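Structural overview
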Amino acid sequence: MPFLFFKFLTVIDPNNGCLTEVSAVVAEDVTYPDIDILPTTAITCVDSTANLQVEVINGNTNFEFEWTAVTGIVTGDVNVPSILVSTGGEYTIQVTDPSNGCISQSNIIVEEDIEFPQSVASSDDILTCNLEQVWIHGLGSDQGADYSYIWFDADNNPIIGATSIILPVSEPGFYTLEVLDESNGCTSSAVVEVLQDIASPDFSLSVPTVLDCFDTEVSINSSVYSNNAVSYNWMLEGNTQTIGVSEDLVVVEPGIYVLELVDVTTGCVAVQDIEVFQDVDFPQVELSVNGELTCLDTILDINAAILGSDEFLELTWINPQGEVLPDPQVQMTVDNAGVYQLSVLNPINGCQTDVSIEVEENSIYPEVVASSPDLLDCNTDAVQILVDLGL
């Protein structure tokens, strides 16, 4: 409010020393606007602006306002009692009373809290045939009472109930962790990829030959094309008993053999089977001879009856003296009694049949004794010869 001041003036006449005193009343108005800056909120991720508002407690209502920024940024109309700012910093309000020219000013600091939380998403394992569920986590993220979490799937849909910093998952793909700082509303997110390895081991089986009289055992060979280590489990079809645990399996019996291959790292299993064949068909041979050696029949034929085709079979005849007969045929002519052996070899499978037959001989000469009881002489010109056939 205005103040009154009294001013006194004394005038002295130097010629006569007389003086006169007069007074005057001077009015003074130096009342400054009494301003009050209302409290404001900090700029955060939720509240992106702050409202700066000033009130003048005394004086008239025709004050002039001017906002300026010390370290912040002012935009728009600055000559109003209230402005919005979107940047933290220090601001100055100047209020002028146009009636007396008195000016008041005050500063206000707008806090800015838009610090984003740290978010880190990780997975320590991959999905495999052994491990059908893995944990993903954000343990490297900011933690505390002010922070909350939510997980999103590969389609960016929130996962129901996934509000913990760790999450069990059973499907491969990309997962997003969103971290919220509830004190300022700021969020940040991190993505983690859950990998899956459920590929079965890749392998093939082969058998170089069949079981026969040449090869009484064969090896089933496996060729593995996987990079991971594998374990082997050989079985017979229809039987779960293990008969081998090595890369290859030696067998002596025909049949269907099964290899179960397990990826040691992932636990994934692959199964293949292979059949081992056997060719042990021996030539079927029968020998016959058409009679026996006699003084009339001094040679005989030994006949070999071979079941099926004999075009590729190899024949070997051995006489009673152990000698190999030349030019072996299915019919051999012999002139000696004794045991004859025929070996018939199948050169394809190595199977050989040995048969023998005895050629008998009936060449016993009759035992004849001739005698004459009388002598031929001058009186006897003929005698009788007696023959004893031993009958």
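Located above this text is the structure these notes cover.
Residues numbered from 1 in each chain as written. Predicted model: local features only at pLDDT ≥ 70, side-chain atom pairs only at ≥ 80, totals over all residues. Heavy atoms only, no water.

1. Thoughts on the sheet that holds strand β23 (residues 249-251)
- A sheet is described by the order of its strands in space; here 3 strands give the open sequence β19-β21-β23, paired in antiparallel fashion. The open sheet has two edge strands, β19 (203-206) and β23, and neither has a second partner. On average, adjacent strands in this sheet sit at an angle of 20 degrees to one another, irrespective of strand direction. (Pairing = 2+ DSSP bridges. Helix = DSSP H or I, 4+ residues; strand = E, 2+ residues; numbered from the N terminus. Axes fitted to C-alpha atoms, helices over the stretch in contact; angles between N-to-C directions.)

2. Describing the state of the cysteines
- In the structure shown here, the tally under the stated rule is 3 disulfides.
- At a sulfur-sulfur separation of 1.8 Å, the disulfide partner of cysteine 45 is cysteine 186. Looking along the S-S bond of the cysteine 45-cysteine 186 disulfide, the torsion reads about 85 degrees, which is the right-handed sense. Of the two residues, cysteine 45 is situated in the loop between β4 (43-44) and β5 (50-56) and cysteine 186 in strand β17 (residues 186-194); the sequence distance between them amounts to 141 residues. (Disulfide = S-S within 2.5 Å.)

3. Focus: the sheet that holds strand β22 (residues 230-236)
- Taken in spatial order, the 3 strands make up an open sheet running β22-β24-β25, and their pairing is antiparallel. Bordering the open sheet on either side are β22 and β25 (269-276), each of which pairs with just one other strand. For this sheet, the mean inter-axis angle between neighbouring strands, taken without regard to orientation, is 20 degrees.
- The pairing of strand β24 (residues 255-263) with β25 spans 8 bridges and is antiparallel. When the sheet's bridge partners are listed, tyrosine 257 is paired in β25 with isoleucine 274.

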